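# Structural features, examined
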Amino acid sequence: MACFLVPGTEAIVTTIVTAVVKHKEKKHLKEAHIETKDISEKIGTKFSTKLGWLNKMLWGGSALLAFEHVWHGEVIPVFPFLTAVKEGEAAGMLHEMGTAGVTMAVLVTAAWAGMVVVSSVIEKRQAQNEDTKEVKA
Amino acid sequence: MTLLITVFAAIVATLIWYKKTPDNSMRYGTLALMYWGASIMWFVDAIFEYAELGAEFFTPEAADMLNDSYLGLCVVALGLIIWMISLFIKDPKGVIKKALLKKGA
């Protein structure tokens, strides 16, 4: 009915958070006198880049899911835009948003969290290997 | 079928990204993440549908399957269009910029 609205709303929030984090990172890097091209070597993948992965999954998924809802006639081009609201089934729609919609948002976020953990572990191992090489040299 | 087609699109996009990394000029990662996001969302949809229908979920009518396949292909095409537009806007290789400047000169 309108489950895509939940991950879509999360996408708006995470996009704003990404912009704020990006701004803060830029400020910190300026203060630490780190050149933009050296970032990946010194601090690994920036958190704003990692948040970008979540944004892409949420925006892409919501857009394609919204298209599916248009396909099935659940989203219409005229006010109130949702067939469920027009036909007085708002309660059912809200229930679906609260169950399927929230599960979608949670699962996408969990998959992203997994990606962040794996990438952090790989970066940490890489840094440790480089440190060991330097000590041996 | 929509879920299955999107998952295959996500796998293909991910393999292309893996083959081309670290060259990120075509932004295949964006395409892969978009398809994975949609796949996860349809997977959740499938779980809820399975909870409602039970085993019947795995034996859809031929007409429904055809409609879902058609939808899946349209979704893949829409994903490619969104990716292409974002690629042209970001223009990491500067191709659009070069072409426009050449025309202007």
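Refer to the structure presented above.
So, a few notes on the structure that sits alongside this text. (Residues numbered from 1 in each chain as written. Chains lettered and ligands numbered in written order. Predicted model: local features only at pLDDT ≥ 70, side-chain atom pairs only at ≥ 80, totals over all residues. Heavy atoms only, no water.)

## Re the pattern of salt bridges
Residue and element names in this part refer to chain A. The condition that has to hold: A pair is scored as a salt bridge if a Lys or Arg side-chain nitrogen falls within 4 Å of a carboxyl oxygen belonging to Asp or Glu. For the purposes of this entry, the term helix denotes a DSSP run of H or I that reaches at least four residues, the term strand denotes a run of E that reaches at least two, and both are numbered from the N terminus. Only protein chains enter the area calculation, which uses a 1.4 Å probe; residues under 20% of their type maximum are buried, those over 50% are exposed, and those in between are partly exposed.
Within this structure, the stated rule accounts for 1 salt bridge over all chains. The partner of Lys50 in a salt bridge is Glu123, and the shortest N-O contact between them spans 3.8 Å. Linking Lys50 in helix α3 (residues 47–71) with Glu123 in helix α5 (residues 90–136), this pair joins segments that are 73 residues apart in sequence. The class of Lys50 is buried, set by a relative accessible area of 6%. You can call Glu123 partly exposed: its relative accessible area is 25%.

## Considerations on the nonpolar core
Threshold: We call a set of buried residues a nonpolar core when its members are Ala, Val, Leu, Ile, Met, Phe, Trp, Tyr or Cys and they connect through side-chain atoms within 4.5 Å of each other. In what follows, a contact means two residues having at least one pair of non-hydrogen atoms within 4.5 Å.
Among the nonpolar cores identified, the biggest contains 44 residues, and Leu65(A), Val108(A), Trp112(A) and Tyr35(B) are the most heavily contacted of them. Secondary structure elements with two or more residues in this core: α1 (5–31), α3 and α5 of chain A together with α1 (2–20), α2 (28–53) and α3 (62–90) of chain B. Aside from chain neighbours lying at most four places away, what touches Leu65(A) is Cys3(A), Phe4(A), Met104(A), Met41(B) and Trp42(B).

## Some remarks on α2(B)
Within an α-helix, residues lying three or four positions from one another point in the same direction, as the helix has 3.6 residues per turn. Applied cut-off: Helix span, expected: 1.5 Å multiplied by one less than the number of residues in the helix.
Relative to the 38 Å expected for 26 residues at 1.5 Å per residue, α2(B) spans 37 Å between its end C-alpha atoms, a close match to the ideal helical length. Looking one or two places after α2(B), you find Gly54(B), whose phi comes out positive at around 75 degrees.

## What to know about the interface of chain A and chain B
The test is simple: Put simply, buried area is the surface a 1.4 Å probe can reach on two separate parts but cannot reach once they are joined, added for both. N or O atoms within 3.5 Å of each other form a polar contact, as long as, within protein, one can give a hydrogen and the other can take it, and as long as residues adjacent in sequence are counted only when both atoms are side-chain atoms. Amino acids outside the nonpolar list (Ala, Val, Leu, Ile, Met, Phe, Trp, Tyr, Cys, Pro) and the charged list (Asp, Glu, Lys, Arg) are all regarded as polar, and Gly is one of them.
Facing the 23 residues of chain A at the interface are 23 residues of chain B. The contact between chain A and chain B buries some 2,000 Å² in all, and 84% of this surface belongs to carbon and sulfur atoms. Broken down residue by residue, the surface that chain A buries against chain B is led by Lys56(A), Leu64(A) and Trp71(A), which jointly contribute 33%. Taken together, chain A and chain B are joined by 0 salt bridges. In this assembly, chain A and chain B are joined by 2 residue pairs in polar contact (both at pLDDT 80 or more). Sorting the residues of the side of chain A that touches chain B by element identifies α3 and α5 of chain A as the ones contributing at least two each. Here the side of chain A that touches chain B gets 13 residues from one element, more than from any other, and that element is α3(A). Here the side of chain A that touches chain B is composed, by residue class, of 15 nonpolar, 6 polar and 2 charged.

## A few points about the environment of Asn24(B)
Structurally, the position occupied by Asn24(B) is in the loop between α1 and α2. With 68 residues separating them along the chain, Asn24(B) and Pro92(B) place their C-alpha atoms 8.5 Å apart.

## Regarding the side chain of His69(A)
All names here are of chain A. With respect to the helices and strands, His69 occurs in helix α3. Only 3.4 Å separates the side chain of His69 from the side chain of Glu68, close enough to count as a polar contact. In contact with His69, not counting residues within four places along its chain, are Met1, Ala2, Cys3, Phe4, Glu74 and Val75.

## Description of the packing of α5(A) against α2(B)
Put simply, the rule is: Here an axis means a line fitted to C-alpha atoms, over the contact stretch when the element is a helix, while the angle between two N-to-C directions is reported on a 0 to 180 degree scale. An angle below 35 degrees is read as roughly parallel, one above 145 as roughly antiparallel, one from 65 to 115 as roughly perpendicular, and any other as oblique. For any helix crossing, the convention is left-handed if the near helix is rotated counterclockwise from the far helix by under a right angle, and right-handed if that rotation is clockwise.
Contact geometry for α5(A) and α2(B): axes closest at 9 Å, N-to-C directions at 135 degrees. Between α5(A) and α2(B), the angle is such that the two are oblique. Of the two elements, α5(A) crosses α2(B), and the hand of that crossing is right-handed. On the side of α5(A), the interface is formed by Thr99(A), Ala100(A), Thr103(A), Met104(A), Leu107(A), Val108(A), Ala111(A) and Met115(A), while α2(B) contributes Leu33(B), Gly37(B), Ile40(B), Met41(B), Phe43(B), Val44(B), Asp45(B) and Phe48(B). Broken down by class, the residue content of the contact of α5(A) with α2(B) amounts to 12 nonpolar, 3 polar and 1 charged.

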